[in-house]
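Letter by letter, the chains look like this.
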Amino acid sequence: MPLSPRPHHLFGPDGVDDYVSAMRVSVDHLAATVRHVDGPATGTSPEQASKLVADVDLDRPVGDLGEALAEMSRVYLDDAVWFHEPAYAAHLNPPVVLPALAAEVFVSAVNSSMDTFDQSVGGTFVERHLVDWTCARIGFGPEADGVFTSGGSASNLQALHLARDAALAGPARGQLHRLRVLASADAHFSVQKSARLLGLGAEAVLPVPIDDDRRLDPTALERMLAGLGEVGLVPMAVVATAGTTDFGAIDPLPAIAGLCAAYGTWMHVDAAYGGGLLVSPRLRHRLDGIERADSVTVDHHKTWFQPVSSSALLVRDRSLLVHTAWHADYLNPAGDERPHQVDKSLQTTRRFDALKLWLTLRTLGPDLIGTHVETVVDLATRSHRHLVAHPDLEPALAPHLSTLVFRFRPPSMTEDDADALVPQIRQTLYDRGQALVAATRADGRDWLKLTLLNPAATDADVTGVLDLVGAVGRELLVAESRWSA
Ligand SMILES: *Cc1c(COP(=O)(O)O)cnc(C)c1O
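Here we summarise the structure given alongside this text.

What counts as what
- Residues numbered from 1 in each chain as written.
- Predicted model: local features only at pLDDT ≥ 70, side-chain atom pairs only at ≥ 80, totals over all residues.
- Heavy atoms only, no water.
- Helix = DSSP H or I, 4+ residues; strand = E, 2+ residues; numbered from the N terminus.
- Buried < 20%, exposed > 50% of the residue type's maximum accessible area, 1.4 Å probe, protein only.
- Contact = heavy atoms within 4.5 Å.
- Areas by Shrake-Rupley, 256 points an atom, 1.4 Å probe, with all protein chains shown as cover.
- Near = heavy atom within 4 Å.
- Polar contact = N/O pair within 3.5 Å; in protein donor to acceptor, adjacent residues only side chain to side chain.
- 1 Å grid on protein atoms, 1.4 Å probe; cavity = no way out; pocket = protein on both sides within 12 Å on 5 of 7 lines; lining within 4 Å.
- Sits in = over half its atoms within 2 Å of the grid points.
- Nonpolar A, V, L, I, M, F, W, Y, C, P; charged D, E, K, R; others polar.
- Pairing = 2+ DSSP bridges.
- Axes fitted to C-alpha atoms, helices over the stretch in contact; angles between N-to-C directions.
- Phe/Tyr/Trp six-rings, centres within 6.5 Å; stacked < 30°, edge-to-face > 60°.
- Lys NZ or Arg CZ within 6 Å of the ring centre and 35° of its normal.
- Right-handed = clockwise from strand over helix to strand, strands pointing away.
- Parallel < 35°, antiparallel > 145°, perpendicular 65-115°, else oblique.
- Left-handed = near helix turned anticlockwise from the far one by under 90°.

1. Observations regarding the overall build of the protein chain
- Secondary structure summary: the protein chain contains 14 helices and 12 strands in total.
- If you line up the protein chain on its principal axes, its C-alpha atoms span 80 × 80 × 40 Å.
- Here the protein chain holds 485 residues, and 49% of them are scored as buried.
- Put simply, 71% of the contacts in the protein chain that link residues at least 6 apart link residues at least 24 apart.
- Accessible area for the protein chain stands at about 22700 Å²; split by element, carbon and sulfur atoms hold 56% of it.

2. Thoughts on the site of the ligand
- Ser153, Asp270, Asp299, His301 and Lys302 are the nearest of the 14 residues found near the ligand.
- Contacts to the ligand include His301, whose side-chain N or O atom sits 2.7 Å from an oxygen atom.
- Measuring from an oxygen atom of the ligand, one finds a side-chain N or O atom of Lys302 at 3.1 Å.
- Cavity membership is defined here by more than half of the atoms lying within 2 Å of grid points; on that basis the ligand lies in the second largest pocket.
- Of all elements in the fold, only helix H6 (152–169) and helix H10 (300–303) reach the threshold of two or more residues within the shell around the ligand.
- The element that contributes the greatest number of residues to the shell around the ligand is H6, accounting for three residues.
- Per-class residue counts for the shell around the ligand are two nonpolar, nine polar and three charged.

3. Quick word on the sheet that holds strand S4 (residues 205–208)
- In space, the seven strands of this open sheet follow the order S2-S8-S7-S6-S5-S3-S4, with mixed pairing throughout. Whereas interior strands pair on both sides, the edge strands pair on one side only; in this sheet they are strand S2 (145–149) and S4. Between one strand and the next, the sheet's axes are offset by a mean angle of 20 degrees, whatever the strand orientation.
- Relative to strand S8 (residues 311–315), strand S7 (residues 295–299) runs antiparallel, the two being bridged by five bridges. What sits directly across from Val298, in S8, is Ala312.

4. Let's talk about the packing of aromatic side chains
- Taken as a whole, this structure holds four aromatic pairs when the rule is applied.
- Aromatic pair Phe83 and Tyr88: ring centres 4.7 Å apart, planes at 50 degrees, arrangement tilted.
- Ring plane angle 70 degrees and centroid distance 6.1 Å describe the contact between Phe117 and Phe125, whose orientation is recorded as edge-to-face.
- Taking the relative accessible area as the measure of exposure, Phe125 reaches 42% and is therefore partly exposed.
- Seen from the ring of Trp447, Arg407 lies directly overhead, with NZ or CZ sitting 4.2 Å from the centre.

5. Details of unusual backbone geometry
- At the junction of Val308 and Ser309, the peptide bond is cis and its omega measures out at -5 degrees in the coordinates.
- Inspection of the secondary structure assignment puts Ser309 in the loop between H10 and S8.
- In this model, Val121 sits at a positive phi of 50 degrees, which is unusual for a non-glycine residue.
- Backbone geometry at Arg173 places phi at a positive 45 degrees, although glycine is not the residue there.
- Residue position: Arg173 is located in the loop between H6 and strand S3 (179–184).
- The exposure class assigned to Arg173 is exposed, which follows from its relative accessible area of 66%.

6. As for the pairing of strand S6 (residues 266–271)
- By the criterion of burial, S6 is predominantly enclosed, with six of the six residues buried.
- The two faces of S6 match: Trp266, His268 and Asp270 on one face and Met267, Val269 and Ala271 on the other face are all buried.
- Relative to S6, strand S5 (residues 234–241) is paired through five bridges, and the arrangement is parallel. Among the inter-strand pairings, Ala237 is bridged to a residue of S6, identified as Trp266.
- Crossover connection from S5 via helix H9 (residues 253–263) to parallel S6: handedness right-handed.
- Relative to S7, S6 is paired through four bridges, and the arrangement is parallel. Bridged to Ala271 within S7 is Val298.

7. Overview of the packing of helix H4 (residues 98–110) against helix H11 (residues 354–363)
- In contact at an axis separation of 8 Å, H4 and H11 are set at 140 degrees when each is read in the N-to-C sense. As judged from the angle between their axes, H4 and H11 are oblique. In the crossing of H4 with H11, the sense of the turn from one axis to the other is right-handed. Contact residues: Pro99, Ala100, Ala102, Ala103, Glu104, Phe106 and Val107 in H4; Leu355, Lys356, Leu359, Thr360 and Thr363 in H11.
- Class assignment for the residues of the contact of H4 with H11 results in eight nonpolar, two polar and two charged.

8. Some remarks on the sheet that holds strand S12 (residues 445–451)
- If you trace the five strands from one edge of the open sheet to the other, you get S1-S11-S12-S10-S9, paired in mixed fashion. The open sheet is flanked by strand S1 (88–89) and strand S9 (393–395), the only strands paired with a single partner.
- Pairing analysis gives five bridges linking strand S11 (residues 436–442) to S12, with the strands arranged antiparallel. Note on S12: the bridge partner recorded for Ala438 is Lys449.
- Where helix H12 (residues 366–389) meets the sheet, its contacts fall on S9 and strand S10 (403–408), and the angle it forms with S10 comes to roughly 15 degrees.
- Along the sheet, helix H13 (residues 415–431) contacts S10, S11 and S12; its crossing angle with S12, the most-contacted strand, is approximately 35 degrees.

What follows is the structure in structure tokens.
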């Protein structure tokens, strides 16, 4: 018997009934799961999680979507980490807005690819309209442009790639080894990684000192810019961070812009975290000066409440994107007048992630997104007061955006003992599935970190997590003194 010439497992008119039932079954499965979620994690260990997956024989399909979903629950969903849970406060993962999930239906089924006009048609212009709108929010002029990327790391890489090629064509006269990148020590690690990928080496990124509030110190930056010139080195770019990953600090953008202009240096603003302030009615002013950047990273899958992945790189002047362009005869030949987004992108085949932001803005509007950002910033400010008042918890710094960096350290405890407890407290909270918190190092010390990105979380939710840290810290102290006794 020949196979049916029109298989029903492919998306299209013949498969549409099966498509609808596959989607219904999947949505119902997820809904039934999420209704019963009662914590951010189950505390499964890597050993347990890997065993569940390893036991699946990929050569023997279960043959039925319902069965496969049940199996998927066992290997993945049942122990998933849920970012919508108020006790999830680890990394920069927000709960996602529903219009973006509706958009995912179209993004994956229609499966447009954003590289060329003939693979996306209206999608090209949806993305361009969003880019233009974002550039206007930044305060760029009519020459601005940009492109969606897979994340902040990719956006930063592309920005530094453009800056590198601009510097090589200009002041560095083709000499890669003369290039340096200046960024505060709190800038994201993707800056070093990009420098390595771009052939400069991670050592080409020079750390600019920060002030007591952990913002880049412009006086130190000026000294470094002047010093580089004296020894024949070229400051290829200054990376200003608008919302550092750990502390949420926003570097002084106007002062940095002035110095970049004076020294003829590319200014990149990494607003992967702080980018959501662009749509905040009340806090937008904190990004003043961003309009003087050459390039800006925003990450929609952080403070715009979008599903992974969605980010954009925006540039002040569209001609700066020329360094990304490459013309292939089969795709986007030189002289082709049609609009091809691949000319601006490091990727070729690329998801239509822009549609998620589009449906979000068209359904909920930008103010709601901005208000959500304000909500989590305010939540962090109030929670910080609880932290200050807590006898056993020590804050590192008042929050700039929506992170709280702190540790368990009762009055008599040494710094070393406090360091040692940080990973233990974090692990205990995960093991019990009670709360997910992050950890980091600053000034040579270990700290816990809460990243608040859930606008539905209440003060009681956050103070609950802080109190839990205090209680677990006490518990571990008692356990340890028994141990040593
Ligand atoms: C998260 C983050 C990045 C990296 O973004 P991804 O989307 O995770 O690649 C870059 N810069 C800053 C400041 C960030 O917080």
